[in-house]
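So you can see what is in the structure, the chains are spelled out below.
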Amino acid sequence: MERKVYDFWVGFFLLAGFLSMAFMVLQVGSFNDSRGTKSYTILARFDNIGGLKMKAPVKSAGVLVGRVADIKFDNAKFQAVVTLAMDSHFEFPKDSNASILTSGLLGEVYVGVDPGGDDKKLAAGDTIKLTQSAVVLEKLIGQFLFSKAAEGTDKK
Amino acid sequence: MKHSLIEAVRRVGHRTIDTIWRAGAIAHFFFLVITQSAMSFRRIRLIIREIYFSGVMSLVIIMVSGLFVGMVLGLQGYETLQKYGAEEQMGVLAALSLVRELGPVVSALLFASRAGSAITAEIGLMKATEQLKAMDMMAVDPIARVVAPRFWAGVISMPILAALFSTAGIFGGYIVTVMLVGIDSGVFWGNMQAAVDIRYDVLNGVIKSAVFGVAIAAIATFEGYDAEPTAEGVSAATTRTVVTSALTILALDLVLTAIMLRQVA
């Protein structure tokens, strides 16, 4: 009799444990890391990367197509060299354009890839020639104020 | 003067030898438990009985604590996140802090004080009343019959309890943010799924809780087996189990977190 009670509760306990693990796998988490999928790396040089960080997403048309694998500084050209690990399901034309963007005003910084029109595709180790640096908000505000001030003196 | 100096040196030596002896005794004990485990797995009933006492009996305290911790996380998180207009991230906050840290650590602390102390007291009392010696006389190895089933029950129960704690906590967070605050439930789950990675968050949490389970079970059984066979000795051993387990859990958590976060970055 006692044995049956133990068996029931221990079985119940184990089942509840497995259910909660299944809950965490199915409802709470997802495989959103690109490490499992095959990828190829391409390089992009930027004059300023703003707040870009390692593992930041690479998006094209708003869809995740890769991640930032490495960020280095080129001391000869004084530029940032960003290594992008692109999902090997996606290929982009050779003259594609990479720019550093921000989702929303204060959101995460990511690399946006705009496809070009070339027939040749970017292969592993290639460098994206056309890049656009991050927009630094302070500089933008500074320029805006400066031009406003200049306008004001013109009118007087 | 000279005498007290010699006495001081002697005390340092005694402490050192004692500590080393104790470390050796723990290692020897752990080795014995592992080698004697085959027998207790053949008699799976013993382990089932112990899972009932340490795992099933801890269910209520674990689930209720998890629910409360999740609800507090929801309230506190909302308070801060709404300043930045980021209330939608509530689900992420609750899930990540529970799955990565609070689930394994808090449930391990609760498990050490709820089940670890009971294991130590039980084995210690068996030693004090010479039941262990009696078993030895009957050619029943007390490590295989008494210690190993309790050890494995602790190791098996701990990850399950941690998973239940996290699940209860996430539901607590859901109750506060979706039902009280009024965040859309689709946004709650959607943001959570986008931010929580199964391998780097969920699996690492499970690994942590399994390591804590081994640590607690080893400490609790050793302290009981090593207890002085008196009423005072058993009470001191029970206290030592809770204190040592808590410190070990937190120290291990720091080490494991450092290793796991480096792996991500």
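What counts, and where the lines are drawn
Residues numbered from 1 in each chain as written. Chains lettered and ligands numbered in written order. Predicted model: local features only at pLDDT ≥ 70, side-chain atom pairs only at ≥ 80, totals over all residues. Helix = DSSP H or I, 4+ residues; strand = E, 2+ residues; numbered from the N terminus. Buried ≥ 20, exposed ≤ 12 C-beta atoms within 10 Å, placed from the backbone. Contact = placed C-beta atoms within 7 Å. Rg over C-alpha atoms; globule rule 2.2 N^0.38 Å. Domains from an automatic or database assignment. Pairing = 2+ DSSP bridges. Core = buried A, V, L, I, M, F, W, Y, C linked by C-beta atoms within 7 Å. Nonpolar A, V, L, I, M, F, W, Y, C, P; charged D, E, K, R; others polar. Axes fitted to C-alpha atoms, helices over the stretch in contact; angles between N-to-C directions. Parallel < 35°, antiparallel > 145°, perpendicular 65-115°, else oblique. Left-handed = near helix turned anticlockwise from the far one by under 90°. Expected span 1.5 Å × (residues − 1).

Turning to the overall build of chain B, a few remarks are in order. The number of helices and strands found in chain B is 10 helices and zero strands. Considering only C-alpha atoms, chain B reaches an extent of 70 × 55 × 35 Å along its principal axes. A burial count over chain B gives 43% of its 265 residues as buried. At a minimum sequence separation of 6, the contacts of chain B that also span at least 24 residues come to 87%.

Secondary structure assignment for chain A yields two helices and eight strands. Its helices and strands taken in sequence order, chain A reads α-β-β-β-β-β-β-β-β-α from the N to the C terminus. On C-alpha atoms alone, chain A measures out to a radius of gyration of 25 Å, which is more than a quarter above the 15 Å that the 2.2 N^0.38 rule sets for 156 residues. Evaluated residue by residue, chain A yields a buried proportion of 21% over its 156 residues. Restricting to contacts in chain A with at least 6 residues of sequence separation, those with at least 24 account for 65%.

Now for the domain arrangement of chain A. How big an interface is tends to be reported as the loss of accessible area on association of its parts. Structurally, chain A comprises domain 1 (1-30) and domain 2 (39-141). Using C-alpha coordinates to define each centre, domain 1 of chain A is positioned 46 Å away from domain 2 of chain A.

All right, on to the environment of B:I62 then. Residue and element names in this part refer to chain B. If you trace the backbone, I62 turns up in helix α4 (residues 59-81). When the C-alpha positions of I62 and V106 are compared, they lie 8.9 Å apart, and in sequence the two are 44 residues distant. If we skip the residues at most four places from it in the chain, I62 touches S107, L110, L161, L164 and F165.

Quick look at the sheet that holds strand β7 (residues 127-128) of chain A now. Residues and elements named next belong to chain A. Strand order in the open sheet made by the eight strands is β7-β1-β4-β3-β2-β6-β5-β8, with mixed pairing throughout. In this open sheet, the two strands that pair with only one neighbour each are β7 and β8 (130-132). As defined by bridge partners, strand β5 (residues 97-102) adjoins β8 across three bridges and the pair is classed as parallel. Note that in β8 the partner of S99 across the bridge is Q132.

Residue and element names in this part refer to chain A. Sheet analysis places strand β2 (residues 57-60) next to strand β3 (residues 63-74), joined by four bridges and oriented antiparallel. Counted as the bridge partner of K59 is L64 from β3. Adjacent in sequence and paired antiparallel, β2 and β3 are bridged by two residues, among which A61 carries a positive phi angle near 55 degrees. Here eight bridges tie β3 to strand β4 (residues 79-87), and the two strands are oriented antiparallel to one another. In the strand pairing of β4, D70 is matched with T83. In this structure, the hairpin formed by β3 and β4 is closed by a connection of four residues, where F78 is found at a positive phi of approximately 55 degrees.

Core analysis: the largest hydrophobic core is formed by 70 residues, its most contacted members being B:A95 and B:I216. Where this core is concerned, the elements lending two or more residues are α1 (2-28) of chain A together with α3 (44-54), α4, α5 (90-128), α7 (142-181), α8 (185-195), α9 (198-226) and α10 (231-264) of chain B. Broken down by element, this core gets its largest block of residues, 19 residues, from α7(B). The next biggest cluster of nonpolar side chains, apart from the first, holds 21 residues, and it includes A:A44, A:V82, A:A85 and A:M86.

Another aspect to go through is the interface of chain A and chain B. Listed per partner, the contact involves 21 residues of chain A and 27 residues of chain B. Residues belonging to the side of chain A that touches chain B are distributed by class as follows: 13 nonpolar, six polar and two charged.

On to unusual backbone geometry. Positive phi outside glycine occurs at A:A61, with the angle close to 55 degrees. Positionally, A:A61 belongs in the loop between β2 and β3. Of the residues examined, A:A61 has 9 C-beta atoms within 10 Å and is grouped as exposed. Even without glycine at this site, B:E130 takes up a positive phi of about 60 degrees. Relative to the elements of secondary structure, B:E130 occurs in the loop between α5 and α6 (131-137).

At a minimum axis distance of 8 Å, the contact between α1(A) and α7(B) shows a crossing angle of 55 degrees. As far as their axial angle goes, α7(B) and α1(A) are oblique. In the crossing of α1(A) with α7(B), the sense of the turn from one axis to the other is left-handed. Contacts between α1(A) and α7(B) pair A:F13, A:L14, A:A16, A:G17, A:S20, A:M21, A:F23, A:M24 and A:V28 from the former with B:I160, B:A163, B:L164, B:S166, B:T167 and B:I170 from the latter. Taken together, the residues that form the contact of α1(A) with α7(B) break down as 11 nonpolar, four polar and no charged.

Now for the pairing of β5(A). With six bridges joining them, β5(A) and strand β6 (residues 109-114) of chain A adopt antiparallel strand pairing. Residue A:L101 lies in a different strand from β6(A), and its bridge partner there is A:Y110.

Glancing now at the environment of B:F188. Residues and elements named next belong to chain B. When you line up the elements, F188 lands in helix α8. The spacing of F188 and V92 is 96 residues in sequence and 7.7 Å in space, taken between C-alpha atoms. In this structure, F188 is in contact with M90, G91, Y174, T177, V178 and I183, ignoring residues within four places of it in sequence.

An ideal rise of 1.5 Å per residue puts 39 Å on 27 residues; α1(A) measures up with 37 Å between its terminal C-alpha atoms. Of the residues making up α1(A), those classed as buried are A:V10, A:F13, A:G17, A:S20, A:M24 and A:V28. Packed against the buried residues of α1(A) are α3, α4, α5, α7, α8 and α9 of chain B.

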